[in-house]
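Reading the structure
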Amino acid sequence: MGEKRLDHDAVIVGAGFGGMGAGMELRRQGLEDLAILEREDDLGGTWHVNHYPGLAVDIASVTYSYSFEPNPHWSRLFAPGAELKKYAEHIADKYDLRRHMEFGVAVVRAEWDDDGRFWTVHTDDGRSRTARYLVTATGFLSQPHIPDFPGIGDFTGEILHTTAWDDDYDATGKRVAVIGTGATAVQLIPELARKAKALTVFQRTPIWVVPKIDFAIPDGVQTLFEKVPLTQKAARLVNTSLLEALMVFGVLHFKQAKPGNKLAALLSKAHLRAQVRDRKTRRELTPSYDFGCKRPTFSNTYFRVFNQPNVTLQTSPVERFTPGGIISEDGTETEIDTLVLATGFNLWDTNFPAFQIIGRDGRDLGKWWREGRFQAYEGVAVPKMPNLLSLNSPYSYSGLSYFTTIEGQMKHIARLFTELRRRGAHTFEVTEDANTRYLDRSTKALDSSVFYAGDCATSRSYYFNQHGEATLLRPSSTLATLHEMDSFPLDDYSYA
Ligand code: NAP
């Protein structure tokens, strides 16, 4: 390969399910020398980082897993987080990926060398290494968002962000505030409400919550899944089809299928009415934007905590912190021992990409996206970024389960590397023209989505970037995505 001896065939950044998927596929394509660099101290990505109480997958586990590696032993329809972490470990062992992994290594910068046609990847330990290919698998929700509330530095109690949970923390008898009401908070709040002396939930924007049909998977069913894998495949097909319908009709084709979307909102409202007694609280918990503008979630336990005498819903915004608590804009003072930040992640300022990437002609990927428009061909490739597969890109997220995105990208890698081999080439770069066509097509398709055809004004959704464009989701069905990843025109890339 080339004249210069490179350190690796490929560097993959991130040892979560995306990075492992890419690792498996590149190995299948004959690349043996991989370095999978992970800033955390173990593999599993989000399922390693997140271990707050109540954590569970909120896409049924038959779907939230690799289709080619079903796990017959999920204990529940929606498996607890620890089982996902175990599943990640199983994948790393079975596919012999651990030997490529290095932990506690954060990539800070990568730059393309156009003469030698390789990437130089710099890490926070001051080292650098070269590789023919660079794959970023740094996740969508990996850079915690920690708001800079006035006076927070003076607060003398404990502060926990949900991504840095202290497993020894016990809320028993404590006065706790949770800021945020996203999918994470919805899982965590019922756990805290069981123990805290007083729990105040600071809500800025309510979330749509629909019932979660969850149950323990009986041993007999687990045995059936193990002995007759086709049965689990069938369960996956049924569940994936339901999610697909929700996504395609509820979100992407909002304009044509408004009643489906409205039905989901009605279901959530009925759920709220059945669970919360107080009318004012119900009103405050009801979103004023269309279902699907921001990611809805599933829970049977969230709404009902607001009936508990120890739980208060605070909708007046945080004005400032004092050493002992929070003053809200309406003047209410809430004294607390613990502050829980369920404030989510920063996607568009610090995560796309997660580190500086300098391509051909000095193109700085992050700057290019932020100063222009967020774009990536098929959600994986960018012009002037040769030999870069950027797995967490604008328009890359397909369907509701992240595994659809990952498996589509694995198909893309397979097709691209098969073509490289056929041509005896080592470098690929998507053409400007193909990229523009994909961007135009995605932009146009999104016209019918809830993001533009619906009312999302008050949603504060992370699906929208700082330019007000909804550039996270790929506007096609998962079936269409998988098909396209398998059949994109090969001359959408140039090869050398
Ligand atoms: P999130 O959805 O971004 O929610 C963050 C929350 O913090 C929002 O309610 C937000 O309010 C609030 N917030 C942020 N800054 C604030 C500020 N300065 N003042 C007041 N409130 C503030 O983050 P998340 O709940 O961690 O969930 C992120 C995503 O992770 C989910 O959408 C989902 O895709 C995924 N997730 C999945 C699972 C699962 O499958 N098990 C579980 C949890 C999360 P605004 O809405 O007003 O900004």
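Summarised in this report is the structure supplied together with it. Predicted model only: the values in this text are computed from it and were never measured.

1. Remarks on the overall build of the protein
Across its full length, the protein holds 13 helices and 20 strands. Here the C-alpha radius of gyration of the protein, 23 Å, is about what a compact globule of 496 residues would show, namely 23 Å. Each principal axis of the C-alpha atoms in the protein carries an extent, and together these give about 70 × 50 × 45 Å. In the protein, which comprises 496 residues, the proportion classed as buried is 58%. Put simply, of all contacts in the protein between residues at least 6 apart along the chain, 73% involve residues at least 24 apart. Averaging the locations of the 56 positively and 62 negatively charged side chains of the protein gives two centres separated by 6 Å.

2. Looking at the nonpolar core
A general trend in soluble globular proteins is that nonpolar side chains are found buried together. Ranked by size, the top nonpolar core spans 136 residues in total, and within it Phe17, Leu192, Leu199, Phe417 and Tyr493 carry the most contacts. In terms of residue count, the dominant contributor to this core is helix H10 (residues 402-423) (eight residues). Beyond its immediate chain neighbours, meaning those up to four positions away, Leu199 contacts Val176, Val178, Ile189, Leu192, Ala193, Asn310, Val311 and Thr312. One finds Phe155, Phe202, Val318 and Ile326 within the second-largest nonpolar core, a separate group that totals 12 residues.

3. Details of the packing of helix H1 (residues 17-28) against helix H3 (residues 81-94)
Two packed helices can be described by the angle between their axes and the distance between those axes. Between H1 and H3, the shortest axis-to-axis distance is 11 Å and the interhelical angle comes to 20°. Looking at the two axes, H1 sits roughly parallel to H3. Crossing hand, H1 versus H3: left-handed. Where H1 approaches H3, its residues Phe17, Met20 and Met24 are matched on the opposing element by Leu84, Tyr87, Ala88, Ile91 and Ala92.

4. Remarks on the site of the ligand
What surrounds the ligand is a group of 26 residues, the closest being Ala56, Asp58, Thr184, Thr205 and Lys294. Thr184 has a polar side-chain atom sitting 2.6 Å from an oxygen atom of the ligand. Between the ligand and Tyr462 there is a distance of 2.7 Å, counted from an oxygen atom to a side-chain nitrogen or oxygen. Relative to its unbound accessible surface of 910 Å², the ligand loses 87% to contact with the protein. Along the lines of polarity and charge, the residues of the shell around the ligand split into 12 nonpolar, nine polar and five charged. Two domains share the shell around the ligand, each providing at least three of its residues, namely domain 1 (8-143 + 347-495) and domain 2 (152-212 + 255-289 + 299-341).

5. Details of the pairing of strand S1 (residues 8-13)
The element S1 is extensively covered by neighbouring structure, given that six of its six residues are classed as buried. The pairing of S1 with strand S2 (residues 34-38) spans four bridges and is parallel. When the sheet's bridge partners are listed, Ile12 is paired in S2 with Ile36. Taking the sense of rotation as the criterion, the β-α-β connection linking S1, H1 and S2 turns out right-handed.

6. Thoughts on the packing of aromatic side chains
Applying the stated criterion to the full structure yields 40 aromatic pairs. Here Phe68 and Tyr95 contribute two aromatic rings whose centre-to-centre distance is 6.2 Å and whose plane-to-plane angle is 80°, an arrangement assigned as edge-to-face. Remark: Tyr95 occurs in the loop between H3 and strand S3 (101-103) and Phe68 occurs in the loop between helix H2 (46-49) and H3; sequence separation between them is 27 residues. Ring geometry for Tyr133 versus Phe428: centroids 6.0 Å apart, planes at 10°, classification stacked.

7. So, the sheet that holds strand S15 (residues 333-335)
Read across the sheet, three strands follow the order S13-S14-S15 without closing on themselves; strand pairing throughout is antiparallel. The strands lining the two open edges of the sheet, one partner per strand, are strand S13 (318-322) and S15. Sheet twist, expressed as the average angle between the axes of neighbouring strands with direction ignored, equals 20°. Strand direction decides the pairing type here: strand S14 (residues 325-328) and S15, joined by three bridges, are antiparallel.

8. A few points about the sheet that holds strand S12 (residues 311-314)
The parallel open sheet is built from five strands, whose spatial order is S7-S16-S8-S9-S12. This sheet does not close on itself; its edge strands, each paired only once, are strand S7 (158-161) and S12. For this sheet, the mean inter-axis angle between neighbouring strands, taken without regard to orientation, is 20°. Strand direction decides the pairing type here: strand S9 (residues 198-202) and S12, joined by four bridges, are parallel. What sits directly across from Val201, in S12, is Leu313.

9. Points about unusual backbone geometry
A cis amide bond, omega -5°, links Phe352 with the succeeding residue Pro353. Mapped onto the fold, Pro353 is located in the loop between strand S16 (338-341) and strand S17 (356-358). Here Asn387, not a glycine, exhibits a phi torsion of approximately 55°, which is positive. Note on placement: Asn387 falls in the loop between helix H9 (365-371) and strand S18 (388-390).

About the cut-offs
- Residues numbered from 1 in each chain as written.
- Predicted model: local features only at pLDDT ≥ 70, side-chain atom pairs only at ≥ 80, totals over all residues.
- Heavy atoms only, no water.
- Helix = DSSP H or I, 4+ residues; strand = E, 2+ residues; numbered from the N terminus.
- Rg over C-alpha atoms; globule rule 2.2 N^0.38 Å.
- Buried < 20%, exposed > 50% of the residue type's maximum accessible area, 1.4 Å probe, protein only.
- Contact = heavy atoms within 4.5 Å.
- Lys, Arg positive; Asp, Glu negative; His and termini not counted.
- Charge placed at Lys NZ, Arg CZ, Asp CG, Glu CD.
- Core = buried A, V, L, I, M, F, W, Y, C linked by side-chain atoms within 4.5 Å.
- Axes fitted to C-alpha atoms, helices over the stretch in contact; angles between N-to-C directions.
- Parallel < 35°, antiparallel > 145°, perpendicular 65-115°, else oblique.
- Left-handed = near helix turned anticlockwise from the far one by under 90°.
- Near = heavy atom within 4 Å.
- Polar contact = N/O pair within 3.5 Å; in protein donor to acceptor, adjacent residues only side chain to side chain.
- Areas by Shrake-Rupley, 256 points an atom, 1.4 Å probe, with all protein chains shown as cover.
- Nonpolar A, V, L, I, M, F, W, Y, C, P; charged D, E, K, R; others polar.
- Domains from an automatic or database assignment.
- Pairing = 2+ DSSP bridges.
- Right-handed = clockwise from strand over helix to strand, strands pointing away.
- Phe/Tyr/Trp six-rings, centres within 6.5 Å; stacked < 30°, edge-to-face > 60°.

Without other data, these values stay purely geometric and don't point to any function.
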